[in-house]
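Fold and contact review
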Amino acid sequence: MVIQDSWFTVTQIDRKTFAISEFGHWEKVHSYLLIGEKKAGLIDTGLGIDNIKRITDQLTSLPVMVITTHVHWDHIGSHGEYKEIFVHKDEEDWLVNGIKKLPIEQVRKDVGRDITIPTPDSFNPETYQPFQGVPTGLLNDGDEITLGNRNLSIYHTPGHSPGHISLYDQSTGYLFTGDLLYDETPIYAFFPTTDPADLTESLEKISNIPNVTMIYGGHNTIGLSAKLLDEVKCAVKFLREEDLIHFGTGIHKFNGFSVKF
């Protein structure tokens, strides 16, 4: 299926899996639509510069449940367009009351900079407000979400944020890692609400998930080889041995990814 859109780029991963990307913004954010037999799961909803529901409406007529990898402004932008929103219990407060220790001035600066394609008339960075609202339900480590003939395992993977989750699609072996693992730019664990030790443990946790076929992160390249998880294991070992898992140790580069503490 080919969808032409002024803001979003749709990449078909397989017959029932789509990446919905915002390449016109420096964040290069990806949201992912997973279509089951009874409902669809939308992993994150992007920046909120434009309305992602316009895209999901073209891709499926099934009810869509939003599964939040983490409550940062660039992943919850179109949450308000959907009736069903799920988030890890440790970030319910952020979704309801706003992201802790992040001034709105900083958010507006980041959302409005380095945009390379026209934005909709409805977007004004000076008045931009991240979504706030009450979730439909809360997620815990070990939970399973069923979309009908397509089951997703929830892994609590904190570090980048307290309630960050990764999702493993049992039917395809796809691992959706949000902002825990992606390529090209560093994975962030250097601001006040992050935790380098938790991030390292979370990287180790996903590196031990069996039968991963592909990795889909929240930014940059769509689809990374599962072999990257072997690099992750080596990186975790190195970071521990060199006593680097602390705020202020900087950027640590590995084969295929990097972290910034």
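This text goes with the structure placed above it.
Below, the structure is looked at part by part. (Residues numbered from 1 in each chain as written. Predicted model: local features only at pLDDT ≥ 70, side-chain atom pairs only at ≥ 80, totals over all residues. Heavy atoms only, no water.)

Section: the sheet that holds strand 7 (residues 137-139)
With mixed pairing, the seven strands of this open sheet are ordered in space as 1-2-3-4-5-6-7. Either end of the sheet is taken by a strand with one partner, and the two such strands are strand 1 (9-14) and strand 7. Averaged over all neighbouring strand pairs, the angle between strand axes comes to 25 degrees, with direction disregarded. The pairing of strand 6 (residues 84-88) with strand 7 spans three bridges and is classified as parallel. Residue Phe86 lies in a different strand from strand 7, and its bridge partner there is Gly137. (Pairing = 2+ DSSP bridges. Helix = DSSP H or I, 4+ residues; strand = E, 2+ residues; numbered from the N terminus. Axes fitted to C-alpha atoms, helices over the stretch in contact; angles between N-to-C directions.)

Things to note about the nonpolar core
Grouped together as the largest cluster of nonpolar side chains are 32 residues, with contacts concentrated most on Ile20, Leu33, Leu42 and Leu59. Those elements that provide at least two residues to this core are strand 2 (17-22), strand 3 (29-35), strand 4 (40-43), helix 1 (53-59), strand 5 (64-67), strand 6, helix 2 (92-97) and helix 3 (104-112). At three residues, the largest contribution of residues to this core is made by strand 3. Excluding residues within four positions of it along the chain, Leu59 makes contact with Met1, Ile3, Val10, Phe18, Ile20, Leu33 and Ile35. Core analysis: the second largest hydrophobic core is formed by 27 residues, Tyr182, Leu203, Ile215 and Leu229 among them. (Core = buried A, V, L, I, M, F, W, Y, C linked by side-chain atoms within 4.5 Å. Buried < 20%, exposed > 50% of the residue type's maximum accessible area, 1.4 Å probe, protein only. Contact = heavy atoms within 4.5 Å.)

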